[in-house]
Amino acid sequence: HYAPLNGKYPFLFQFPLLQKVEVTHCDNLKFDLEILVGLPVLEELYCNDIRSLTGNINSLRVLNDTLAKVTIRDCFEVQGNFMDLADFPRLNELNLLETDVIGDIRDVGERDFLALEVLTLPKGVY
């Protein structure tokens, strides 16, 4: 029987060995980026078109040593400054299109985003 998710489900984010999370088009699943602390070895995060996703990308700092790919797009309640991810040593893909993330591309220095191969920024970054 089909029963849609309609609230918060913190147990979905308590898998200590999980390396990849992909959540798409799931408006009824409510979660904040802070809950990702329960995924200590996460390498890939893909969130697309989740209207109820909230939080600041600074919350991803707990995954500084593991994250290689981050896509948070069409998640309009996600905020922060993209430079908060500048020192992630393994980050090679970053897509923050259609979020409320801000920043100034001129702040990127020669020691920032060293592994980055793909970068897609929202209109709040200039």
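Above: the structure in question.
Residues numbered from 1 in each chain as written. Predicted model: local features only at pLDDT ≥ 70, side-chain atom pairs only at ≥ 80, totals over all residues. Heavy atoms only, no water.

*Asks:* For this particular structure, what's the right way to read the pattern of salt bridges?
*Replies:* A pair can form between side chains of opposite charge whenever their charged atoms are brought close. Across all of its chains, the model carries six salt bridges by this definition. In this structure, aspartate 74 and arginine 73 form a salt bridge, with 3.7 Å as the shortest nitrogen-oxygen distance. Aspartate 104 serves as the salt-bridge partner of arginine 106, at 2.7 Å between the closest nitrogen and oxygen. Residue arginine 106 is classed as exposed on the basis of its relative accessible area, which comes to 62%. The class for aspartate 104 is buried, based on a relative accessible area of 12%. (Salt bridge = Lys/Arg side-chain N within 4 Å of Asp/Glu carboxyl O. Buried < 20%, exposed > 50% of the residue type's maximum accessible area, 1.4 Å probe, protein only.)

*Asks:* Explanation requested: the packing of aromatic side chains in the structure shown.
*Replies:* Enumeration according to the criterion identifies one aromatic pair in this entry. Ring centres of phenylalanine 82 and phenylalanine 113 lie 5.8 Å apart, and the angle between their planes is 5°; this geometry places the pair in the stacked category. Of this pair, phenylalanine 82 sits in the loop between β6 (77-81) and β7 (93-95) while phenylalanine 113 sits in the loop between β8 (100-102) and β9 (118-120), and the two are 31 residues apart along the sequence. Judged by relative accessible area, phenylalanine 82 falls into the buried class, the value being 0%. (Phe/Tyr/Trp six-rings, centres within 6.5 Å; stacked < 30°, edge-to-face > 60°. Helix = DSSP H or I, 4+ residues; strand = E, 2+ residues; numbered from the N terminus.)

*Asks:* Before we go on, may I ask you to explain the sheet that holds β7 in this structure?
*Replies:* Two modes of strand pairing occur in sheets, parallel and antiparallel, and in both the strands are linked by backbone hydrogen bonds. Taken in spatial order, the five strands line up as β1-β3-β5-β7-β9 in an open sheet, and their pairing is parallel. Each end of this open sheet is capped by a strand with a single partner; those strands are β1 (20-24) and β9. The average undirected angle you get between the axes of adjacent strands in this sheet is 10°. Looking at chain direction, β1 and strand β3 (residues 44-48) are connected through five bridges and run parallel. Counted as the bridge partner of valine 23 is cysteine 47 from β3. (Pairing = 2+ DSSP bridges. Axes fitted to C-alpha atoms, helices over the stretch in contact; angles between N-to-C directions.)

*Asks:* How do you make sense of the environment of asparagine 28 when you look at a structure like this?
*Replies:* Relative to the assigned elements, asparagine 28 resides in the loop between β1 and β2 (31-32). Its relative accessible area of 40% is what places asparagine 28 among the partly exposed residues. Along the backbone, asparagine 28 and leucine 53 are 25 residues apart, and their C-alpha atoms lie at a distance of 9.5 Å.

*Asks:* Explain the nonpolar core to me, please; I cannot follow it from the model alone.
*Replies:* General note: in soluble globular proteins, nonpolar side chains tend to be found buried as a group. By size, the foremost hydrophobic cluster in this structure holds 33 residues, and its most contacted members are Leu45, Leu53, Ile57, Leu60 and Ile72. Looking at this core, the elements that each hand over two or more residues are β1, β3 and β5 (69-73). (Core = buried A, V, L, I, M, F, W, Y, C linked by side-chain atoms within 4.5 Å.)

*Asks:* Would you take a moment to explain the sheet that holds β8 for this structure?
*Replies:* Strand order in the open sheet formed by four strands is β2-β4-β6-β8, with parallel pairing between adjacent strands. Edge positions in the open sheet fall to β2 and β8, since each of these has one partner strand only. Bridge count between strand β4 (residues 53-56) and β6: three bridges; the pairing is parallel. Across the sheet, threonine 54 pairs through a bridge with glutamate 77, a residue of β6.

*Asks:* Is there a simple way to explain a nonpolar patch on the surface in this structure?
*Replies:* Together, Ile105, Val108 and Leu119 make up a nonpolar patch on the protein surface, roughly 210 Å² of accessible area in all. Summarising the element assignment, valine 108 is placed in the loop between β8 and β9. Classification of valine 108 by relative accessible area gives partly exposed; the value is 31%. (Patch = residues over 30% accessible without salt bridge, like charges linked within 9 Å, V, L, I, M, F, W, Y side chains within 5 Å. Areas by Shrake-Rupley, 256 points an atom, 1.4 Å probe, with all protein chains shown as cover.)

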